[in-house]
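# Residue-level structure breakdown
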Amino acid sequence: MAEEIKLIKVTIDNITVDVPMGTSILQAARMIGGDVAPPAMCFYSKLKGSGGKCRTCLVEVSKGSNADPRPMPKLVASCRTNVMEGMEVKNITSERVTDARNGVVEFLLLNHPLDCPVCDQAGECHLQDLSYEHGKEGTRYEFKRRTFEKHDLGPYIQLHMTRCILCYRCVFVADQVTNKRVHGVLSRGDHSEIATHIEKALDNDFIGNVIDVCPVGALTDKTFRFKNRVWFTKPVDAHRDCPTCKGKVTLWQRGDEVLRVTGRKDQWGEVEDWICNTCRFEKKHINDWVIEGPTKISRHSVISQGHYLGMKKPTETFRAVHGGRDPKLLMDIHSISEVNRPGIDLSAIPGPATSDVFNAEKKK
Amino acid sequence: MGRKLLLDKAHIEGIRHFDVYRKNGGYSAVEKALKEMTPDAVTEEVKKSGLRGRGGAGFPAGMKWSFLAKPEGVPRYLVCNADESEPGTFKDRYLMEFLPHLLIEGLIVSSYALGSHRTYIYIRGEYAWIVDILEQAIEEARANNFLGNNILGTGFNCEIFVQRGAGAYICGEETALLESLEGKRGNPRIKPPFPAVKGLYDCPTVVNNVETLAAVVPIINFGGEEYAKIGVGKSTGTKLISACGNINKPGVYEIDMTISVEEFIYSDEYCGGIANGKKLKACIPGGSSVPILPANLLLKTAKGETRIMNYESLSDGGFATGSMMGSGGFIVLDEDQCVVRHTLTLARFYRHESCGQCSPCREGTGWMEKILHNLEYGKGKMSDIDLLWDIQRKIEGNTICPLGDAAAWPVAAAIRHFRDEFEWHVNNPVESQQRNYGLAHYADALEITV
Ligand SMILES: Cc1cc2nc3c(=O)[nH]c(=O)nc-3n(C[C@H](O)[C@H](O)[C@H](O)COP(=O)(O)O)c2cc1C
Ligand code: SF4
Ligand code: SF4
Ligand code: FES
């Protein structure tokens, strides 16, 4: 007989919910949704042991539980702290949390190259979203950003170590989804890096999933590299009869052309099912797939600004969409980045955008 | 003259060997515990003794032992933390090098109390020669039936294994140590679960410092209550202090925790005063992680009381005007030392030793080092001092393990007590490259507002 699951009450930012025992504060907050859900850069509900590392999800526990109402002295990682009966948590209602989170965002961006203009992840990057929502204008860091020696991970997966935030998600994927991990974290401290010990290709059937879990542009799809900006592509849900995985994917199309295949992601950016390398990298023809219909995309996402054929563009302002909040600009990448020339219409470039295109524009 | 409980036999010729150690009363605690006491009774004695962990945090050892989960059919482990990598701390080395059997004896008794049949010593890799000393001691103990199966005919089985670390300070943090012991990358675990519930190979585990486990021997020999009579308040028993820096007699001293800091520094029995006739400027009383104190606050508390070498007195005044007992690494700075340079050295250490798991520590430690480097080399700005303060504030308390705090505290304390020295560096970029700020007013009795 299935045991009855005990529900307990937890209050987050003054909103009370009933959740099953063993739920983390983060998961409880996600049940409430909206701003109450803390940002999470390393936790991934489908990966055992993930979370606790990035520290963006820190919250204040102002009351431990009914049994022990003392507040917790330190901020806690909501993704790795379970709720207790009667617990009271402050997320956006706590100044301590906002202050610490600002700090964490600044730390995460300290050595980030801010190469969003040439990064394939731009538009669906969690670090971009995080900086817009929780960052400050400008950085106080005046030193050279760190760089790494390049590692080649084979024909499918591109590694840009400078963008990595060391969330360890890709390591957990390799451990738990492929059971054949050949990459991991080398070195320690601020020189920790994702790499294979000996230059080695990542070639397991399911290893492509590291691309979907990577919150930033550190691991991207080589077969999609510089093909297009994500917001110019149109996501549609599709499936195929796949002997290896469930074959349920999202296709990212430009016209009839399939530019990229990814897993289907939920509102927290997590994939619903792991997909195999064949579906991801090799089935790039529209006839390979049975189309189900357009993917639902959150209107917060820049992807929703994409040029859906025959669809009306939203008329609300950015501000209205964000419920009256003005997104805070972390920094104006247009003024910082050399390569970025907003004048270029990427969709007008016939092939992949390369530095030549940008240089030609610069010389004009 | 303080009483010695740990190092009393250290001077005996050949004490490293089993026969000599045994002849001088060694292993009597094993006989007493295994033959006359139940495991719980041993734990009870340790509780009564008030012994606090000597690894840094000072958590009561008996209480830690009683938290150990004891589910049926699951092995339990005792792990001895001999990673000792905190700058300024070298007491465990001394103990293991000269009295290996004292540690082995403590481990057998503690393993018996906790029900650990496989006990590990995780020792820092650089102590390679001590590994040989310990392994020889283990062999000798086994040859004499103090280890192995059916110890002294009591039916208790226990093996001790020595595992070398590979040169990482972070592997001294107990959960990183366990990861490393399991053969993994030494990243601290996210707690809870605590080792007492899920430790080595997911089994209930107690991790204790070398000195803590060695102190179990006199506790069993004399009884917990007797042990608790030495010292004062919650600082019971004796404590090993490794003293270094600008003093006449650097070394490892066993103190009972009633002597004053002043006596410890200036008396001939201990440090023998500041070297070369110089004046005391500052001191880090408990290993590199604890706050530095200027001379005036070191010798007397903010309330004007004499500061004593014990847990309570050293932390009197909190971080505003106090420090911590920490791991007993006592680092003395004389008037010729530059606090900015010294803080840079520590910041470099923590940047180098961060495991890199969590963002505040991974990024913040490197940032602090770079700013301190600028300040030290005459390229700093006045705003850098506030920036440093803000960075350390954003690291402290927001990380997975206490290394983040350990990196933040020294920077915070240096700015708190020596801000004028930092400002002098900014205002005198050329002069600060040629001479040190000196003693300034740090030795004077300052008016302290708390
Ligand atoms: C970064 C870091 C390094 C540590 N290094 C040591 C060490 O080398 N030796 C040690 O005994 N404890 C060390 N500790 C403390 C241990 O985590 C743990 O608290 C201690 O071993 C418990 O033993 P005790 O209760 O006997 O003090 C360290 C802690 C941290 C955070
Ligand atoms: S490469 Fe991506 S998924 Fe892997 S640790 Fe770095 S940021 Fe995380
Ligand atoms: S605080 Fe530093 S050493 Fe500790 S887990 Fe985080 S990064 Fe690693
Ligand atoms: S999501 Fe919780 S610490 Fe990263």
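Note that the structure is predicted; figures quoted are calculated from it, not measured. (Residues numbered from 1 in each chain as written. Chains lettered and ligands numbered in written order. Predicted model: local features only at pLDDT ≥ 70, side-chain atom pairs only at ≥ 80, totals over all residues. Heavy atoms only, no water.)

What follows is about the overall build of chain A. Tallying secondary structure elements over chain A gives nine helices and 13 strands in all. Out of the 364 residues in chain A, the part that is buried amounts to 53%. Excluding contacts between residues fewer than 6 apart, the proportion of contacts in chain A whose partners are at least 24 apart in sequence is 64%. (Helix = DSSP H or I, 4+ residues; strand = E, 2+ residues; numbered from the N terminus. Buried < 20%, exposed > 50% of the residue type's maximum accessible area, 1.4 Å probe, protein only. Contact = heavy atoms within 4.5 Å.)

Our next topic: the domain arrangement of chain B. Residues and elements named next belong to chain B. Looking at the assigned domains, one finds that chain B contains domain 1 (18–229), domain 2 (235–334) and domain 3 (339–442). Using C-alpha coordinates to define each centre, domain 1 is positioned 36 Å away from domain 3. The partner domain 3 presents nine residues to the 14 residues of domain 1 that form the contact. For the domain 1 and domain 3 pair, buried surface summed over both sides reaches about 890 Å², with 67% attributable to carbon and sulfur atoms. Looking only at domain 1, the three residues that lose the most surface to domain 3 are Tyr169, Ile170 and Pro188, adding up to 50% of its buried area. (Domains from an automatic or database assignment. Buried area = accessible area lost by both parts, 1.4 Å probe.)

This part covers the site of ligand 1. Residues and elements named next belong to chain B. Of all residues adjacent to ligand 1, which total 19 residues, the nearest are Gly55, Glu84, Asn208, Asn209 and Thr212. Interatomic distance of 2.7 Å between a backbone N/O atom of Gly55 and an oxygen atom of ligand 1. In this structure, an oxygen atom belonging to ligand 1 sits 2.8 Å away from a side-chain N or O atom of Asn208. Protein contacts shield 89% of the accessible area of ligand 1, which totals 610 Å² for the unbound molecule. Looking at the shell around ligand 1, the element that brings in the most residues is strand S4 (residues 205–209), giving three residues. In terms of residue class, the shell around ligand 1 is made up of five nonpolar, eight polar and six charged. (Near = heavy atom within 4 Å. Polar contact = N/O pair within 3.5 Å; in protein donor to acceptor, adjacent residues only side chain to side chain. Areas by Shrake-Rupley, 256 points an atom, 1.4 Å probe, with all protein chains shown as cover. Nonpolar A, V, L, I, M, F, W, Y, C, P; charged D, E, K, R; others polar.)

All names here are of chain B. The N-to-C vectors of helix H5 (residues 91–98) and helix H7 (residues 128–143) enclose an angle of 40 degrees; their axes lie 9 Å apart at closest approach. With respect to each other, H5 and H7 are oriented oblique. Handedness of the H5/H7 crossing: left-handed. The residues of H7 that touch H5, namely those facing Arg93, Met96 and Glu97, are Trp129, Ile130, Ile133 and Leu134. Partitioning the contact of H5 with H7 into residue classes produces five nonpolar, no polar and two charged. (Axes fitted to C-alpha atoms, helices over the stretch in contact; angles between N-to-C directions. Parallel < 35°, antiparallel > 145°, perpendicular 65-115°, else oblique. Left-handed = near helix turned anticlockwise from the far one by under 90°.)

Moving on to unusual backbone geometry. Note the cis peptide between Lys191 of chain B and Pro192 of chain B, where omega equals -5 degrees. Within the element layout of this structure, Pro192 of chain B appears in the loop between helix H8 (174–181) and S4. Of the consecutive residues Pro192 of chain B and Pro193 of chain B, the connecting peptide bond is found in the cis state with omega at 0 degrees. With respect to the helices, strands and loops of the structure, Pro193 of chain B is situated in the loop between H8 and S4. Even without glycine at this site, Asp13 of chain A takes up a positive phi of about 50 degrees. Tracing the backbone through its elements, the reader meets Asp13 of chain A in the loop between strand S1 (7–12) and strand S2 (15–20). You can call Asp13 of chain A buried: its relative accessible area is 9%. A positive phi angle, close to 75 degrees, is found at Arg55 of chain A, a residue other than glycine. Following the sequence through the fold, Arg55 of chain A ends up in the loop between helix H1 (25–32) and strand S3 (58–63).

Turning our attention to the sheet that holds strand S8 (residues 251–256) of chain B. Residues and elements named next belong to chain B. Pairing in this open sheet of five strands is mixed, and the strands run S8-S7-S11-S9-S10 from one edge to the other. Either end of the sheet is taken by a strand with one partner, and the two such strands are S8 and strand S10 (293–294). Inspection of the sheet shows strand S9 (residues 280–284) paired to S10 by two bridges, in the antiparallel sense. Paired with Ala282 across the bridge in S10 is Pro294. Along the sheet, H5 makes contact with strand S7 (238–245) and S8, crossing S7 at roughly 115 degrees. (Pairing = 2+ DSSP bridges.)

The subject of this paragraph is the site of ligand 2. Around ligand 2, the neighbouring residues are Cys164, Ile165, Leu166, Cys167, Tyr168, Cys170, Ile194, Cys214, Pro215, Val216, Ala218 and Leu219 of chain A. Considered class by class, the residues forming the shell around ligand 2 number twelve nonpolar, no polar and no charged.

Moving on, we get to the sheet that holds strand S2 (residues 116–123) of chain B. All names here are of chain B. In space, the four strands of this open sheet follow the order S3-S2-S1-S4, with parallel pairing throughout. Because the sheet does not close on itself, it has two edges, and the strands there are strand S3 (159–164) and S4. Taking the axes of each pair of neighbouring strands and ignoring which way they run, one obtains an average angle of 20 degrees across the sheet. Bridge count for S2 against S3 is six bridges, and the pairing is parallel. Note that in S3 the partner of Tyr120 across the bridge is Phe161. The strands that H7 touches are S2 and S3; relative to S3, the one it contacts most, it runs at about 170 degrees.

The subject of this paragraph is the packing of helix H2 (residues 95–110) of chain A against helix H17 (residues 382–395) of chain B. Look at H2 of chain A against H17 of chain B: their axes get within 9 Å of each other, and the N-to-C directions meet at 105 degrees. Classified by the angle between their axes, H2 of chain A and H17 of chain B sit roughly perpendicular to one another. Every residue of H17 of chain B that contacts H2 of chain A at Asp99, Gly103 and Phe107 of chain A is listed here: Ile391, Arg393, Lys394 and Ile395 of chain B. The residue makeup of the contact of H2 of chain A with H17 of chain B, split by class, is three nonpolar, one polar and three charged.

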